[in-house]
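Secondary and tertiary structure notes
As a plain string of letters, each chain reads:
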Amino acid sequence: MYKYYGLAAFVIILDQWTKWLIVKNMEFGERIAVWDPWFGILSHRNRGAAWGMLEGQMWLFSIVTIGVIIAIIYFYHKEAKGKPLFQVGLMLLLGGAIGNFIDRIFRGEVVDFADVLIPIINYDFPIFNIADAALTIAVVVLMIGLIAEDKKEKKQVKQ
C-alpha cells in the first residue's frame, strides 16, 4: 500500500528539480525553442491557481491545498486498497498538489515553463509545469479507474 508514495515523491522531486533549473538558468520571459512553434521552454510565473485564476489569494490556496492533501491521503488509505489505478491516480494528485504548494510557500508563486501550441486548432495552451501535468494525468487515471470499477460492479451484479 505504501509503495505508491514513491510515485508522489518522484513527481515532487522531478517537479522541483525542473523548476529549479528554470529559475537558475533562465531569465523571466526567456523562451527556448524545442520544437518550434509547437513546444518550447518558457520561464513564467503564476501567482494564482490554474491558468492564473484567483491571483494573489495565497491564504486560500494554502487552506485548500492542505485540505486536499489530507483528503487524498485519507482516500488512499480508506478507499483505494487493492485498486492500483486509484492508488496511482491519488499519488499523482498528491505529488502535483505538493509540488505546486512548495512553490507557493517558498517562492510566493508557481514556476511554469512548458509552452505548448496545439497546431490543429491553433491554440496556445496555458503554460504549465510537471506538477500541473501530474494533476491532469491523475484526473484521467482516476476517471479510467471509476469507469473500470463501475463496469466491474455491473458485471458482479449480473452474476
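All of these numbers come straight from a predicted model, not from anything done at the bench.

A look at the pairing of strand 1 (residues 31-35)
The pairing of strand 1 with strand 2 (residues 39-46) spans four bridges and is antiparallel. Across the sheet, residue arginine 31 finds its bridge partner in strand 2, namely leucine 42.

Some points on helix 4 (residues 130-158)
Between the first and last C-alpha of helix 4 there are 42 Å, a value that for 29 residues agrees with the 42 Å anticipated at 1.5 Å per step. Inspection of helix 4 places Ala131, Ala134, Ala138, Val141, Leu142, Gly145 and Glu149 among the buried residues, and these make up the whole buried set. Capping the start of helix 4 is the job of one residue whose side-chain oxygen sits 2.9 Å from the backbone nitrogen of alanine 131: asparagine 129.

Re the pattern of salt bridges
Under the counting rule described, the total for this entry stands at seven salt bridges. In this structure, aspartate 36 engages arginine 31 in a salt bridge whose closest nitrogen and oxygen atoms are separated by 3.1 Å. Judged by relative accessible area, which is 49%, aspartate 36 ranks as partly exposed. Ionic pairing is found between arginine 107 and aspartate 103, a salt bridge with its closest N-O pair at 2.9 Å. On the basis of relative accessible area, arginine 107 is assigned to the partly exposed category, the value being 30%. Looking at aspartate 103, the relative accessible area reads 0%, which means it is buried.

Topic: unusual backbone geometry
With an omega dihedral of 0 degrees, the bond running from aspartate 36 to proline 37 counts as a cis peptide bond. Summarising the element assignment, proline 37 is placed in the loop between strand 1 and strand 2. Phi is positive for asparagine 122, which is not a glycine, with a value near 50 degrees. Mapped onto the secondary structure, asparagine 122 falls in the loop between strand 3 (110-118) and strand 4 (123-124). On the accessibility criterion, asparagine 122 (61% relative accessible area) is exposed.

Quick look at the UniProt feature "active site" (unreviewed entry) in the protein chain
UniProt annotation of "active site" (unreviewed entry) refers to Asp112 and Asp132 when read in the numbering used here. Despite a sequence span of 21 residues, these residues sit close together in the fold, their greatest C-alpha distance being 8.8 Å. According to the relative accessible area criterion, aspartate 112 is buried, its value standing at 2%. Discounting chain neighbours no more than four positions away, the residues touching aspartate 112 are Leu42, Ser43, His44, Asn46, Ile127, Phe128, Asn129 and Asp132. Among the secondary structure elements, aspartate 132 is positioned in helix 4. Its relative accessible area of 21% is what places aspartate 132 among the partly exposed residues. Sequence-distant contacts of aspartate 132, that is, excluding residues within four places in its chain, are made with Asn100 and Asp112. Within the structure, the side chain of aspartate 132 is placed 2.8 Å from the side chain of asparagine 100, a separation counted as a polar contact.

Brief notes about the UniProt feature "transmembrane region" (unreviewed entry) in the protein chain
Per the UniProt record, "transmembrane region" (unreviewed entry) is found at residues 58-76, 88-106 and 126-148. Structurally, residues 126-148 comprises 83% helix and 0% strand, and the distance from its first C-alpha atom to its last is 31 Å.

Conventions adopted
- The numbering scheme is per chain: residues are counted from 1 as the chain's sequence reads.
- At least 70 in pLDDT is required for a residue's local features to be given in this predicted model, at least 80 for side-chain atom pairs to be given and counted, and no such filter applies to totals for whole chains, interfaces and linings, which use all residues.
- By convention in this description, side-chain values take in all heavy atoms of the structure and omit both hydrogens and water.
- Two strands qualify as a pair provided DSSP detects at least 2 bridges between them.
- Secondary structure counts use DSSP, requiring at least four H or I residues in a row for a helix and at least two E residues in a row for a strand, with both numbered from the N terminus.
- Given the number of residues in a helix, its expected span is that number minus one, multiplied by 1.5 Å.
- Only protein chains enter the accessibility calculation, which uses a 1.4 Å probe. A residue is then buried if its area is under 20% of the maximum for its type, exposed if over 50%, and partly exposed in between.
- What qualifies as a polar contact is a pair of N or O atoms within 3.5 Å, subject to a donor-acceptor requirement within protein and to the restriction that residues adjacent in sequence count only when both atoms come from side chains.
- Here a salt bridge means any side-chain nitrogen of Lys or Arg lying within 4 Å of a carboxyl oxygen belonging to Asp or Glu.
- UniProt positions are given in the numbering used here, feature names are shortened, and annotations may be inferred rather than shown by experiment.
- In this analysis, two residues are considered to be in contact whenever any of their non-hydrogen atoms come within 4.5 Å of each other.

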